[in-house]
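In case you want the letters, here they are:
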Amino acid sequence: MSASAEETSSQPECWIRAADAVAQHQAVLPREGERVAVTGCGTSWFVAMAYASLREGAGHGTTDAFAASEFPVGRTDYDRVIVITRSGTTTEVLTLLEALRGGAKTVAITATEGSPVTKLADHAIELPFIDERSVVQTRSATSVLALLRASLGEDLTKAVADAREALTRPLGDLPAADQVTFLGQGWTVGLAHEAALKLREAAQVWTESYPAMEYRHGPVSIAEPGRLTWVFGPAPEGLPEDVAATGATFVTDDLDPMAQLVLAHRLALAIAERKGLDPDSPRNLTRSVILAATGQ
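Residues numbered from 1 in each chain as written. Predicted model: local features only at pLDDT ≥ 70, side-chain atom pairs only at ≥ 80, totals over all residues. Heavy atoms only, no water.

Draft legend 1. Local environment of the sheet that holds strand E7 (residues 207-211). Pairing within the open sheet is parallel, and its 4 strands lie in the order E7-E6-E8-E9. Pairing within the sheet leaves two strands with one partner each, and these edge strands are E7 and strand E9 (249-251). Between one strand and the next, the sheet's axes are offset by a mean angle of 20°, whatever the strand orientation. One ladder, built from 5 bridges, connects strand E6 (residues 179-184) with E7; its direction is parallel. Across the sheet, residue Phe182 finds its bridge partner in E7, namely Ser209. Relative to E7, helix H9 (residues 188-203) is tilted by about 175°, and along the sheet it contacts E6 and E7. Strand contacts of helix H11 (residues 257-275): E6 and strand E8 (227-231), with the helix running at about 155° to E8, the strand carrying the most contacts. (Pairing = 2+ DSSP bridges. Helix = DSSP H or I, 4+ residues; strand = E, 2+ residues; numbered from the N terminus. Axes fitted to C-alpha atoms, helices over the stretch in contact; angles between N-to-C directions. Contact = heavy atoms within 4.5 Å.)

Set out below in structure tokens:
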């Protein structure tokens, strides 16, 4: 079994541990009413997007999400900035924390103990039990989101149960698809982007991802037999029928959207296996993006 497969299977238990960790770290997590920014790179950015939507939607306060390289450092009105990074070594994240010194409180959430990010942030939440051997992130990302969802007062009992179901549900003909478009609304837009990234990384699949209501504004043009349109969470009215008319396969269910992401992880692994690829070490990728220093 690949490391990715083992890590994918461990997600329900990691979510329980992450939710339990909230009590230990609640004092440094955003408080209700604070103006918050959440940031990261790649997968961590997509987790930031999901959390920002959930927090603001729950009425806890303005919450913005940015890719670390695009963070508006000139803004001075944030009370707290949450930085998400599995390795704690990503160049753009460290550069951002340097730039934010003396401003808003910064909190780093990482899977790696004692990494550089823990020395630059005002506070660090270290979750070594979610770390991974695979280059491709699975449990580290979903477990951070589990912690953040629990910090908003969410009960993750259903999410955990649904994830266990997602680990055993047959994939049927899904691995035979030659193209997949993932869609979401609200907090699941970030999950749709993350699902697409997983299939690209682990299985070299042509994937796209959009807010669900944007799908009919152009992306539906590539839908055809042999391709999938997969919605995380409830589908907009009429969309299943519109996809059916193209001949593409429409995928959705009532699993918690994070559990649907587990199902997408399994799809990526199944396609990688069919193609003879190593899902742990995708081409052109490393565990962390560390850029060479440039002179002034």
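Draft legend 2. Here's a closer look at the packing of aromatic side chains. Scanning the entire structure with this criterion turns up 6 aromatic pairs. Consider the rings of Phe71 and Tyr78, whose centres lie 6.1 Å apart with planes at 55°: the pair is tilted. Tyr78 matches Phe71 in its accessibility class, with the two residues each being buried. Ring geometry for Phe182 and Trp230: centres 5.3 Å apart, planes at 45°, overall tilted. Highlighted residues: Phe182 in strand E6 and Trp230 in strand E8, separated in sequence by 48 residues. Each member of the pair, Phe182 as well as Trp230, carries the same accessibility label: buried. Through successive ring pairs, a cluster of aromatic residues spans Phe66, Phe71 and Tyr78. Sitting above the plane of the Phe129 ring, Arg17 keeps its charged end 4.1 Å from the centroid. (Phe/Tyr/Trp six-rings, centres within 6.5 Å; stacked < 30°, edge-to-face > 60°. Buried < 20%, exposed > 50% of the residue type's maximum accessible area, 1.4 Å probe, protein only. Lys NZ or Arg CZ within 6 Å of the ring centre and 35° of its normal.)

Draft legend 3. Seen up close, the nonpolar core. One finds Leu145, Leu147, Phe182 and Trp230 to be the most contacted residues of the largest nonpolar core, which totals 65 residues. Sort the elements by how many residues they give to this core and H11 lands first, with 10 residues. For Phe182, the residues in contact, after removing those within four places along its chain, are Ala192, Ala195, Ala196, Leu199, Thr207, Glu208, Ser209, Tyr210, Trp230, Phe232 and Ala264. Counting 17 residues, the second largest nonpolar core, distinct from the first, contains Ala37, Phe66, Val81 and Leu94. (Core = buried A, V, L, I, M, F, W, Y, C linked by side-chain atoms within 4.5 Å.)

Draft legend 4. A look at helix H8 (residues 157-166). Of all the positions in H8, only Ala159, Val160, Asp162, Ala163 and Ala166 are classed as buried. In an axial view of H8, the angular spread of the buried residues amounts to 165°, which keeps them on one side of the axis. (Arc of directions from axis to C-beta.)

Draft legend 5. Representation of the sheet that holds strand E3 (residues 80-84). The 5 strands lie next to each other as E2-E1-E3-E4-E5, forming an open sheet whose pairing is parallel. With one partner strand each, in any of the chains shown, strand E2 (63-67) and strand E5 (123-126) form the two edges of the open sheet. Pairs of neighbouring strands in the sheet enclose a mean axial angle of 20°, with direction left out of account. Note that strand E4 (residues 105-110) and E5 share 4 bridges and pair parallel. Looking at the pairing, Val107 lines up with His123 of E5. This element, helix H4 (residues 43-57), spans strand E1 (36-40), E2 and E3 of the sheet and lies at about 170° to E2. The strands touched by helix H7 (residues 139-151) are E3, E4 and E5; relative to E4, the strand with the most contacts, the crossing angle is about 135°.

Draft legend 6. Structural context of unusual backbone geometry. Notably, Gln204 is not glycine yet its phi reads approximately 55°, a positive angle. Following the sequence through the fold, Gln204 ends up in the loop between H9 and E7. Notably, Asn284 is not glycine yet its phi reads approximately 70°, a positive angle. If you trace the backbone, Asn284 turns up in the segment after H11.

Draft legend 7. Structural view of the packing of helix H2 (residues 11-20) against H7. Interhelical geometry of H2 versus H7 gives an angle of 35° and a closest axis separation of 8 Å. Crossing angle aside, the handedness with which H2 passes H7 is right-handed. Every residue of H7 that contacts H2 at Gln11, Cys14, Trp15, Ala18 and Ala19 is listed here: Arg139, Thr142, Ser143, Ala146, Leu147 and Ala150. Looking at side-chain class alone, the contact of H2 with H7 contains 7 nonpolar, 3 polar and 1 charged residues. (Left-handed = near helix turned anticlockwise from the far one by under 90°. Nonpolar A, V, L, I, M, F, W, Y, C, P; charged D, E, K, R; others polar.)

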